[in-house]
Amino acid sequence: MATAIRTYLKAKKNILSCNANTKASGISSTFRRSFSDDKNRSNPQFSNSTIMVEHGYNVQELPVLVRTLTDLSEIYDKPIVDTEPSRISNDSQNYNLIKSEFSQCLDLRDVFTLLSKCTKITPSIALGAIERIYTLEKNPTQNVHVNLAKGAILDKLLKVVTKTKDTQTIINILNTTSTFMEPYKPKFSEEIMLRVLENMLSVEQICEFLKFLILKRGDQQYSEIIDKLWIGFVQREADINETNISKLFSVLPGFKASKRTVLNLSEQKLSEYWNKITVSVMQQILDVFIQEKYLSVQSFAVIGRWLHTNIHALNDDEMLDIISKLTQLKYTDDQIEIAVEKYIKLKGNKINMHVLIVGILNYCMQFHIRNDEILNACSKHFFNQGSTIPAGFLRSVLYPFGYFNFKPLHEQFWSFAEDVVLQNLNKMTSDDICSIILSFIYVSQYPLKLTKRIFSSEYLINVKSSDTLKKLHLIDTALSIECPNYLGPLMPKDQYLQPISQDFRVKNLINKILVDIEWVAGGKQNVSTSILVPHFCSDQTYLIDIMLHPPGLNCSKSDWLSKYDKDKTRAILIHLPDDFCTDNKNLIGPQLMRRKHLQIIGLNVTSLSYSLLSQFYTSHNSNGLRDYIKNSLGDAD
């Protein structure tokens, strides 16, 4: 067995070495073990084995099939053929024509007669005859002698196909839907596997073979082959390029034990050929990333560079597809943002696809990207074409402007937006309408005509969702606080207000730094945490993370708001990274409204960064933490 292994490895041009680490496609492989009892019982031509594969600092044990040789002269006496010509033979190319000829045969006698006229039975002729025989065998009127002859002829035809050097013909058999061929497919699969070991398949053929195996993976005799085909890609590394790399990515979901090795090779080739990859190929690669829930900063950075370079070559459909997939993958970088900005600046006035604008704004929302150029272009699109935008898109188009506290250049933008929503009021969900109204309020715009409609008894009686009702209470409270012309509150007071839970991240951090906060405040009697402003709706907007106050002010009582000393009381809000736009400076609309409302009711408000507080805490910099809090309190509004 050891001799057979050594000769096999020698035949593979030292891609695997039995006594030393050798490099192949950036992968070091060392033979690990092979036992005689690992012999494949169903096929004595193969033995199961494993090798240790090293890639960087990662070492993985992978399965392989080793061909068992009974005659060592097969290696020592015969030249090794590394590859077969990449050109498919004329016989394989003419298969459809041959199939058409056999389809004219009306019975088995016609098939045999046509075969007898062939000077040489090629694999494609044999395959065409087999498929026609299968079709005709359902006819019960055939002569018994003909049926007996059929069996003998079929055996001969199958041998012709199996021995063909045209691998594509065998792959075509595997892909046929003929149930007659099913019993023979395991034999053909073994033949293909043997040719993979002998490096006779192209990258495309290996991928096609893998797709067949993946389709049949419910059957163990097929599924156990899949993870052993990684060796075929390693041997054919030099043939992987920009035209077939998508095929390599497409078979990744079928691998298990050897997936990391194939993925590393795919990533390597993506980095090598990224500037030659077409739009359609990149779309296919992104599809695989989504299917695999794939995350790789290295590969995603390459995609960002590709998009930035090829943004001029994308049409609207392709742009929508790619930006939506990147949003789904939850990845962006500076190059992607610049590419989107460049695209919408160049084509903004020419974009007629409302769904593309929605896709771009969804991208901005996903990553909190407050880009003036992108938002201005989107606002122009809405102002020019808002009356034709479907009602189901209006929330996605309008909400981001308030969420990012962005004021479009056109002065009439918000009044036009209100009119458009009113026109589509009966076509929109209550939740979408509430989100749009909140977007108005975030930028201090008050759609009173719209709120008059939604707070009517006729409208409210149809609102059943508890989440929508909470939004309505928030809108009513917000307008009552900041809009002088609002005749509210209009909503009945909620008798079942639930306590608001403080974000667990903020709560945990406060518990960790509470000693330092109490030191700054002059004692624990001056500090209260997680205080809900009384008499307003039960919402995070009115939750104060930390209150600094004089001793004796009991913030747990509902009348504390009327007794506090403005000059000696501070409301501290701890803002999470999610509360900021990507610049880490501008707060998002809901947080700005939170600050604004607390200020309107007379509180001095201080904002602290969760990230900075965490950095001081984890670095055990107590002095720095206290200085940061004191300095921030000095800047309180």
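How each quantity is defined
- Residues numbered from 1 in each chain as written.
- Predicted model: local features only at pLDDT ≥ 70, side-chain atom pairs only at ≥ 80, totals over all residues.
- Heavy atoms only, no water.
- Helix = DSSP H or I, 4+ residues; strand = E, 2+ residues; numbered from the N terminus.
- Buried < 20%, exposed > 50% of the residue type's maximum accessible area, 1.4 Å probe, protein only.
- Contact = heavy atoms within 4.5 Å.
- Areas by Shrake-Rupley, 256 points an atom, 1.4 Å probe, with all protein chains shown as cover.
- Expected span 1.5 Å × (residues − 1).
- Arc of directions from axis to C-beta.
- Salt bridge = Lys/Arg side-chain N within 4 Å of Asp/Glu carboxyl O.
- Pairing = 2+ DSSP bridges.
- Axes fitted to C-alpha atoms, helices over the stretch in contact; angles between N-to-C directions.
- Core = buried A, V, L, I, M, F, W, Y, C linked by side-chain atoms within 4.5 Å.
- pLDDT = per-residue confidence, 0-100.
- Parallel < 35°, antiparallel > 145°, perpendicular 65-115°, else oblique.
- Left-handed = near helix turned anticlockwise from the far one by under 90°.
- Nonpolar A, V, L, I, M, F, W, Y, C, P; charged D, E, K, R; others polar.
- Polar contact = N/O pair within 3.5 Å; in protein donor to acceptor, adjacent residues only side chain to side chain.
- Phe/Tyr/Trp six-rings, centres within 6.5 Å; stacked < 30°, edge-to-face > 60°.

Visitor: Help me understand the overall build of the chain, please; the structure alone is not making it clear to me.
Guide: Looking only at helices and strands, the chain has 30 helices and eight strands in total. For the chain, the residues scored as buried account for 53% of the 637 residues in total. Considering only contacts within the chain whose residues lie at least 6 apart along the sequence, 68% involve residues at least 24 apart. Split by element, the accessible area of the chain, about 31,100 Å² in all, is 50% carbon and sulfur.

Visitor: Just checking my understanding: could you explain helix α18 (residues 334-347) for this structure?
Guide: Three- or four-residue spacings in an α-helix give side chains the same orientation, since the helix completes a turn every 3.6 residues. In this model α18 runs 20 Å from its N-terminal to its C-terminal C-alpha over 14 residues, within 8% of the 20 Å that 1.5 Å per residue would give. When α18 is considered as a whole, its buried residues turn out to be I336, E337, A339, V340, Y343 and I344. In an axial view of α18, the angular spread of the buried residues amounts to 160°, which keeps them on one side of the axis. Exposed and oriented more than 90 degrees from the buried face of α18 are D334, K345 and L346.

Visitor: I would appreciate a short explanation of the pattern of salt bridges in the present structure.
Guide: Where charged atoms of side chains with opposite charge meet at close range, the side chains can pair. Applying the stated criterion across every chain yields a total of 18 salt bridges. Put simply, E182 and K185 hold a salt bridge, and the shortest N to O gap is 2.9 Å. Residue E482 pairs with K596 through a salt bridge whose shortest N-O separation is 3.0 Å. A residue pair is termed long-range when its members are at least 10 positions apart, and E482 in helix α26 (residues 466-482) and K596 in helix α28 (residues 589-600) qualify at 114 residues. On the basis of relative accessibility, which here comes to 19%, the residue K596 falls in the buried class.

Visitor: I would appreciate a short explanation of the sheet that holds strand β8 (residues 604-609) in the present structure.
Guide: The strands making up a sheet associate through backbone hydrogen bonding, with each pair oriented either parallel or antiparallel. Within the open sheet, the four strands sit side by side as β5-β6-β7-β8. Their pairing is mixed. Of all the strands in the sheet, just β5 (527-532) and β8 have a single pairing partner and so form its edges. Put simply, the sheet's adjacent strands are angled 35° from each other on average, direction ignored. Along the sheet face, α28 touches β6 (543-548), β7 (570-575) and β8 and points at about 175° away from the line of β7. The strands touched by helix α29 (residues 610-618) are β7 and β8; relative to β8, the strand with the most contacts, the crossing angle is about 60°.

Visitor: I would appreciate a short explanation of the nonpolar core in the present structure.
Guide: Taken as a class, soluble globular proteins show a tendency for nonpolar side chains to be buried jointly. One finds F233 and F289 to be the most contacted residues of the largest nonpolar core, which totals 161 residues. With nine residues, the single largest contributor to this core is helix α19 (residues 354-367). Contact partners of F289, with chain neighbours within four places excluded, come to F249, L270, Y294, S299, F300, I303 and L329. Formed by 19 residues, the second largest nonpolar core is a distinct cluster that contains I510, L608, Y610 and L633.

Visitor: So what exactly am I meant to see when it comes to the confidence of the model for the chain here?
Guide: The predicted coordinates should not be examined in detail at positions where pLDDT is low. A residue-level look at the chain finds 80% of positions with pLDDT of 70 or above and a mean pLDDT of 83. Note that pLDDT drops below 50 for residues 28-37; the model gives that stretch 36 contacts with residues more than four away or on any other chain. Segment residues 75-88: pLDDT under 50, and 23 contacts once partners within four positions in sequence are set aside and those in other chains are kept.

Visitor: Help me understand the packing of helix α22 (residues 413-423) against helix α23 (residues 430-442), please; the structure alone is not making it clear to me.
Guide: Working note: a packed helix pair is described by the angle between its axes plus the distance between those axes. Taken N-terminus to C-terminus, the directions of α22 and α23 make an angle of 165°; their axes are 12 Å apart at the nearest point. By the criterion of interaxial angle, the relationship of α22 to α23 is roughly antiparallel. As for the relative orientation of α22 and α23, their crossing is left-handed in sense. Contacts from W414, A417, E418 and V421 in α22 reach I436, S439 and F440 in α23. Classifying every residue of the contact of α22 with α23 by side-chain character gives five nonpolar, one polar and one charged.

Visitor: How do you make sense of the packing of helix α8 (residues 167-175) against helix α9 (residues 185-197) when you look at a structure like this?
Guide: Where α8 contacts α9, the axes come no closer than 10 Å and their chain directions differ by 145°. The crossing of α8 and α9 is left-handed. Contacts from T167, I170, I171, I173 and L174 in α8 reach K185, F188, S189, E191, I192 and R195 in α9. Taken together, the residues of the contact of α8 with α9 sort by class into six nonpolar, two polar and three charged.

Visitor: What is the right way to look at unusual backbone geometry in this model?
Guide: It is generally the case that most residues other than glycine have a negative phi and that most peptide bonds are trans. You will see that S530, though not glycine, has its phi angle at about 50°, which is positive. By secondary structure assignment, the location of S530 is in strand β5. Residue classification places S530 among the partly exposed positions, given a relative accessible area of 29%. With a phi close to 55°, H620 is a non-glycine residue in the positive phi region.

Visitor: Any chance you could explain the pairing of β6 here in plain terms?
Guide: It is a general feature of regular strands that their side chains alternate between the two faces of the sheet. Counted residue by residue, β6 has six buried out of six residues, so it is predominantly covered. Strand direction decides the pairing type here: β5 and β6, joined by five bridges, are antiparallel. Note on β6: the bridge partner recorded for I531 is I544. With three bridges joining them, β6 and β7 adopt antiparallel strand pairing. Counted as the bridge partner of L548 is R570 from β7.

Visitor: Looking at this model, I keep getting lost on α29. Mind explaining?
Guide: Along α29, the positions that sit buried rather than exposed are Y610, L613 and S614. All buried residues of α29 project into a common sector of 100° when viewed along the axis, lining one side. Those residues of α29 that are buried are in contact with α27 (504-521), β7, β8 and α30 (622-634). Residue S609 occupies the N-cap position of α29, its side-chain oxygen lying 3.3 Å from the main-chain nitrogen of S611. Just downstream of α29 lies H620, where phi reads positive at about 55°.

Visitor: So what exactly am I meant to see when it comes to the side chain of S189 here?
Guide: You can see S189 is positioned in helix α9. Contacts of S189, omitting those with residues within four sequence positions, involve L174, F209, F212 and Y222.

Visitor: What's the story with the environment of L472 in this structure? I'm lost.
Guide: Position of L472 relative to the elements: it lies in helix α26. Spatially, the C-alpha atom of L472 lies 9.5 Å from that of S435, the residues being 37 residues apart in sequence. Sequence-distant contacts of L472, defined by excluding residues within four places in its chain, comprise C434, I454, F455, L460, V463 and M491.

Visitor: Even after reading the chapter, I still don't get the packing of aromatic side chains, so can you show me in this structure?
Guide: Within a pair of aromatic rings, the relevant descriptors are the distance that separates the centres and the angle that separates the planes. With the rule as written, the count across this model stands at 21 aromatic pairs. Their ring planes at 50° and their centres at 5.0 Å tell us that F300 and Y331 sit as a pair that is tilted. With F300 in helix α16 (residues 297-310) and Y331 in the loop between α17 (316-329) and α18, this residue pair connects regions lying 31 residues apart in the sequence. Across this residue pair, the class does not change: F300 and Y331 are buried.

Visitor: In this structure, what is going on with the environment of D503? I would like to understand it.
Guide: In this structure, D503 sits in the loop between α26 and α27. On the basis of relative accessible area, D503 is assigned to the partly exposed category, the value being 25%. In this structure the C-alpha to C-alpha distance between D503 and L576, which are 73 residues apart in sequence, comes to 9.4 Å. A distance of 2.8 Å separates a polar atom in the side chain of D503 from the backbone nitrogen of R505.

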